[in-house]
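Observations on the model geometry
Each chain is listed here by its residues.
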Amino acid sequence: MVRIGIYEKALPSNWTWKERLDAVKNLGFDFLEMSIDESDERLARLDWSDEQIIRLKQAIDASGISIHSLCLSGHRRFPFGSADRDKQAQALAMMKKAIKLAYRLGIRIIQVAGYDVYYEEKSIETREAFIRGMRASIKEAAQYGIILSVEIMDDPFMNSIRKFMYLKKQIPSPYLQVYPDLGNLSAWPENDVSVELEQGIEYITSIHLKDTQPVTTNSHGKFREVVFGQGCVDFTGVLQTLKRLNYEGTFLIEMWSGADHDYEQQILEAKNYLLPKLKEAGF
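Here is a short report on the structure shown in this document. (Residues numbered from 1 in each chain as written. Predicted model: local features only at pLDDT ≥ 70, side-chain atom pairs only at ≥ 80, totals over all residues. Heavy atoms only, no water.)

On the surface, E225, D260, D262 and E269 cluster together to form a negatively charged patch. Within the fold, D262 resides in the loop between β10 (250-253) and α10 (263-281). (Patch = residues over 30% accessible without salt bridge, like charges linked within 9 Å, V, L, I, M, F, W, Y side chains within 5 Å. Areas by Shrake-Rupley, 256 points an atom, 1.4 Å probe, with all protein chains shown as cover. Salt bridge = Lys/Arg side-chain N within 4 Å of Asp/Glu carboxyl O. Lys, Arg positive; Asp, Glu negative; His and termini not counted. Charge placed at Lys NZ, Arg CZ, Asp CG, Glu CD. Helix = DSSP H or I, 4+ residues; strand = E, 2+ residues; numbered from the N terminus.)

Right, dumping it as structure tokens:
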């Protein structure tokens, strides 16, 4: 049976790691994806003490639930492509810390946000700086056996697997792979999602399951908090494509329900919507 995980932000942020991992187990998931976003609170995880790391490893062992992947979206704040050289240096330092943290926790995949810059203006220079930063990051990741998997994003810079393939040509390393988000892929009208998956199947490490509202001439789309089944993702068709392509990796339900009092109900509704479709497709 395919392994299915849940995103940390689907759960209350004030919980201990024991509470999070126990909830993941009780909700019937196989693993958790940790978040290190641009907030000071989560960026501080990169500087955890030995004692803090040991406590988390003990909670993992006690629960039997692994942290399979780490979502590193802190680069929105400190992007590789920034015109500010200090921010570029911070981006690389942050990546090196994330790689070492992942290694110590037994995390195999770091999901890298596919942004050259987020709050700054894009240019050829920002793309070049991003490639330089990723090349240095891959050199570090290779030393620890950690895969850096670039997420297909809600941003034109990396909104298709085809664009990832251009990056892959510049950095042809087995430690650089791709992490498609089915919602993000489906929201952009220029993407034929099945063809995208066909072109990149050998580089896909994991799949994000999320629904979205499409980008149109009159809308920037909606990339978060779209109820499953009320967006533009053809889950039945896309999962059939992945099965035909012999995809054998994990799936991760990406939700941000942790701030809501009915987070558990939302998670179960998402699971009850997706599991039959996964089963129908043969996973």
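With that settled, the discussion passes to the pattern of salt bridges. In total, this model carries 17 salt bridges according to the counting rule given. As a salt-bridge pair, D50 and R104 come within 2.9 Å of each other at their nearest N and O atoms. Taken as a pair, D50 in helix α3 (residues 50-63) and R104 in helix α4 (residues 85-105) lie far apart in primary sequence, 54 residues in all. Overall, the relative accessible area of 47% leaves D50 in the partly exposed class. With its nearest N and O atoms 2.6 Å apart, the salt bridge here joins K122 to D116. The class for D116 is buried, based on a relative accessible area of 1%. Because the salt bridges share partners, they merge into one network encompassing E8, K9, R20, D37, R42 and R45. (Buried < 20%, exposed > 50% of the residue type's maximum accessible area, 1.4 Å probe, protein only.)

What follows deals with the packing of aromatic side chains. Throughout the structure, instances matching the rule amount to 15 aromatic pairs. Geometrically, the ring pair formed by F80 and F130 is edge-to-face, given 6.4 Å between the ring centres and 70° between the ring planes. A residue pair is termed long-range when its members are at least 10 positions apart, and F80 in the loop between β3 (66-72) and α4 and F130 in helix α5 (residues 124-144) qualify at 50 residues. Both residues of the pair, F80 and F130, count as buried. Here the aromatic rings of Y103 and Y144 are separated by 5.2 Å at their centres, their planes lie at 70°, and the arrangement is edge-to-face. Residue Y103 is found in helix α4, and its partner Y144 is found in helix α5; the two are separated by 41 residues along the sequence. (Phe/Tyr/Trp six-rings, centres within 6.5 Å; stacked < 30°, edge-to-face > 60°.)

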